[in-house]
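Letter by letter, the chains look like this.
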Amino acid sequence: MLQKPRGTRDFLPEEMEARRSVEANLREVARRWGYREVCTPEFEDLELFTMRSGAGIIEEMYVFEDKGGRKLALRPEVTAAVIRMYVNEAKVAPKPIRWCYFADCFRYERPQKGRYRQFWQFGVELIGADTAPADAEAVMLAADMLDAIGVSYELKVGHLSFMKNLLSGLSPGVQRKVMAHLDKKDFEGLAVTLEELKKPDLGTALKDLVACRDLDGAFAIAGNIPDKERFDQTISLLDAAGVKYSFNFGIARGLDYYTGMVFEAFAANLGAENQILGGGTYRLAQLFGGDDAASCGFAIGFDRVIVSLGDIGRRKEPVVAIICTEEGRRRALAVARAFRDAGYRAETDLMERGIGAQVTHASKTADFAVIIGKRESESGEVTIKNLQSGEQKTVTLDAAIAGVGSHGAR
Ligand code: HAM
């Protein structure tokens, strides 16, 4: 029997319904904040990602050559593609630009619970506003989205400048290596790297910074940062808006393009792969041939959010099975149409089963059976049976539709 590729998943209808309903909630929040959806290709020139996204992601990419010998990659994330599109299509659009996307991404990672090779992100990018209110908006929107879908999470806000201050004496390559250890919370690896560098003091300072939970403490450990005023203003806007967050100056982010404020959210009820959102400020436009537009954005790990929500994300809607004799088939179509017009999910028999077999089938697949037997054909009424309670009555079609509406699904 053929199987799906490693790290990918199939989604059965129940799962898809849950996913679509969470997606719709996220879309609605994005809409209310003025973010409009964009779509970019699933594959891009490899160069788009190798230019800036960091060594980690390059090793994790699905890379291939097409028949014309072009080196391409399945997108491991969407930010780089969105900024490429901004440079190609919307450079002159009035700023700021508020865009969002819902897209699958591909990373060649070791699959485990919450970590897949194909996964979906709901992301937003705020392009062309180089200000504290813009940074604050991104964090507020992130919190609003997670609140709207009802996931329980902790939001952590940090700033890369503190860490960069501590690492300022090191070469860019070594800085990246240290930050990659911190991003993966690989403190053993970090200790080895620092040992090689013969910088024990740096190890202590980094440990203190990672453990630090207040802004004054971070300044005391890492010194002043160039964008202190902006970060202070961002934080005061978040406080004024009542956003619940804590500081974490150990956030390093896995992708290389971040420049200042960074933030991540973690779900309370997930295991090792509990990061459900990540983002921050970055500059990519100039690298792709555009202006030096400052941007801020984030992406929600949609699949992790779905796992975290469990049954909460599932919408239940009643299924109505229209059951008829052979003679009643034409009327059954009209009755099904009336239920559908009223917004219900109505299914008719396609297997040419007898009434009894249809009821047995319906008891496994539906919440209500609407029966059009000989008696009902004569009276012009229908019999509606609640398949959960077994209660049934013969009523007019309108009364049957109203009856389904008052009960809900199992
Ligand atoms: P990221 O942190 O690499 O950031 O990914 C965002 C989220 O995608 C993660 O927090 C996680 O929930 C989810 N995720 C990542 N890898 C996997 C995986 N293998 N399986 C399941 N879920 C995964 C970005 O991608 C940035 N583009 C976010 C951003 C937007 N920054 C600025 N704008």
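Source: prediction; values computed, not measured.

J.: Tell me about the overall build of the chain, and name the residues and values.
T.: Scanning the chain for helices and strands turns up 16 helices and 16 strands. For 410 residues, the compact-globule estimate of 2.2 N^0.38 gives 22 Å, and the chain exceeds it by more than 25% at 27 Å. Projecting the C-alpha coordinates of the chain onto the three principal axes gives extents of approximately 90 × 55 × 45 Å. Evaluated residue by residue, the chain yields a buried proportion of 50% over its 410 residues. For the chain, restricting intrachain contacts to residue pairs at least 6 apart in sequence, the fraction spanning at least 24 positions comes to 68%. The distance from the centre of the 55 positive side-chain charges to the centre of the 59 negative ones in the chain is 3 Å.

J.: Lay out the site of the ligand with the relevant residues and their values.
T.: Inspection of the region around the ligand gives 26 residues, with E77, T79, E109, Y258 and Q275 positioned closest. Note that a nitrogen atom of the ligand is positioned 2.9 Å from one of the backbone N or O atoms of Y116. Within the contact set of the ligand, a nitrogen atom lies 3.3 Å away from a backbone nitrogen or oxygen of F298. Starting from 650 Å² of accessible surface for the ligand in isolation, the protein chains cover 96%. Mapped onto the shell around the ligand, the elements with two or more residues apiece are β6 (118-127), β10 (275-283) and β11 (294-301). Grouping the amino acids of the shell around the ligand by side-chain chemistry returns 11 nonpolar, eight polar and seven charged. Both domains that meet at the shell around the ligand, namely domain 1 (11-147 + 274-311) and domain 2 (153-267), each give it at least three residues.

J.: Please provide a residue-by-residue account of the packing of helix α1 (residues 13-32) against helix α12 (residues 302-309), values included.
T.: Following both chains from N to C, one finds α1 and α12 inclined at 110°, their axes separated by 11 Å at the closest point. The angle between the axes of α1 and α12 places the two elements in the roughly perpendicular class. Here the hand of the crossing between α1 and α12 comes out right-handed. Residues E15, A18, R19, V22, E23 and L26 of α1 pack against F302, D303, V305, I306 and L309 of α12. By residue class, the composition of the contact of α1 with α12 is seven nonpolar, no polar and four charged.

J.: So what about the pattern of salt bridges? Which residues, and what values?
T.: This model, assessed by the stated rule, comprises 31 salt bridges. R375 is the partner of E376 in a salt bridge, and the nearest nitrogen-oxygen pair spans 4.0 Å. With relative accessibility at 5%, the residue E376 sits in the buried group. A cluster of three or more residues bridged by salt bridges with shared partners is formed by D130, D135, R230, R283 and D292.

J.: Go over helix α6 (residues 160-167) with me, naming the residues and quoting the values.
T.: Burial runs high along α6: six of the eight residues are buried. Looking at α6, one finds that the buried residues are L160, S161, F162, M163, L166 and L167. Buried residues in α6 make contact with β7 (153-159), α7 (172-183), α9 (200-211), α10 (215-222), α11 (228-240) and β9 (258-267).

J.: Requested: an account of the sheet that holds strand β4 (residues 71-74), with residues and values cited.
T.: Spatially, β2-β4-β3 is the arrangement adopted by the three strands of the open sheet, whose pairing is antiparallel. Two strands lie at the open edges of the sheet, namely β2 (43-45) and β3 (63-65), each paired on one side alone. In this sheet, adjacent strand axes meet at a mean angle of 35° when their direction is disregarded. Relative to β4, β2 is paired through three bridges, and the arrangement is antiparallel.

J.: Outline the sheet that holds strand β15 (residues 382-386), listing residues and values.
T.: Spatial strand order, β13-β12-β14-β15-β16: five strands in an open sheet with mixed pairing. Each end of this open sheet is capped by a strand with a single partner; those strands are β13 (345-348) and β16 (392-395). Along the sheet, successive strands turn relative to each other by an average axial angle of 25°, direction set aside. Each of β12 (319-324) and β14 (368-372) touches helix α14 (residues 355-365); the most contacted strand, β12, lies at about 175° to it.

J.: Hey, could you go over the domain arrangement of the chain for me, with residue numbers and the actual values?
T.: Segmenting the chain into domains produces domain 1 (11-147 + 274-311), domain 2 (153-267) and domain 3 (319-407). The interface is formed by 34 residues belonging to domain 1 together with 25 residues belonging to domain 2. Overall, the association of domain 1 and domain 2 removes approximately 2,600 Å² of surface from exposure, summing both partners, and the carbon and sulfur fraction of that is 62%. The tally of links from domain 1 across to domain 2 stands at two salt bridges.

J.: Any chance you could break down the packing of helix α5 (residues 132-149) against α11 for me, citing the residues and the numbers?
T.: At a minimum axis distance of 8 Å, the contact between α5 and α11 shows a crossing angle of 45°. Overall, the two elements α5 and α11 adopt an arrangement that is oblique. α11 is crossed by α5, and the crossing has right-handed handedness. Contacts between α5 and α11 involve A132, P133, D135, A136, V139 and M140 on the former and, on the latter, R230, Q233, T234, L237 and L238. Class assignment for the residues of the contact of α5 with α11 results in seven nonpolar, two polar and two charged.

J.: Account for α5, naming residues and giving values.
T.: Between the first and last C-alpha of α5 there are 26 Å, a value that for 18 residues agrees with the 26 Å anticipated at 1.5 Å per step. Of all 18 residues that make up α5, 13 are buried, and the element is covered over most of its length. In this structure T131 caps α5, since a side-chain oxygen of it lies 3.2 Å from the backbone nitrogen of A134. Following α5 by one or two positions, G150 has its phi on the positive side, about 85°.

Reading guide: rules and limits
Residues numbered from 1 in each chain as written. Predicted model: local features only at pLDDT ≥ 70, side-chain atom pairs only at ≥ 80, totals over all residues. Heavy atoms only, no water. Helix = DSSP H or I, 4+ residues; strand = E, 2+ residues; numbered from the N terminus. Rg over C-alpha atoms; globule rule 2.2 N^0.38 Å. Buried < 20%, exposed > 50% of the residue type's maximum accessible area, 1.4 Å probe, protein only. Contact = heavy atoms within 4.5 Å. Lys, Arg positive; Asp, Glu negative; His and termini not counted. Charge placed at Lys NZ, Arg CZ, Asp CG, Glu CD. Near = heavy atom within 4 Å. Polar contact = N/O pair within 3.5 Å; in protein donor to acceptor, adjacent residues only side chain to side chain. Areas by Shrake-Rupley, 256 points an atom, 1.4 Å probe, with all protein chains shown as cover. Nonpolar A, V, L, I, M, F, W, Y, C, P; charged D, E, K, R; others polar. Domains from an automatic or database assignment. Axes fitted to C-alpha atoms, helices over the stretch in contact; angles between N-to-C directions. Parallel < 35°, antiparallel > 145°, perpendicular 65-115°, else oblique. Left-handed = near helix turned anticlockwise from the far one by under 90°. Salt bridge = Lys/Arg side-chain N within 4 Å of Asp/Glu carboxyl O. Pairing = 2+ DSSP bridges. Buried area = accessible area lost by both parts, 1.4 Å probe. Expected span 1.5 Å × (residues − 1).

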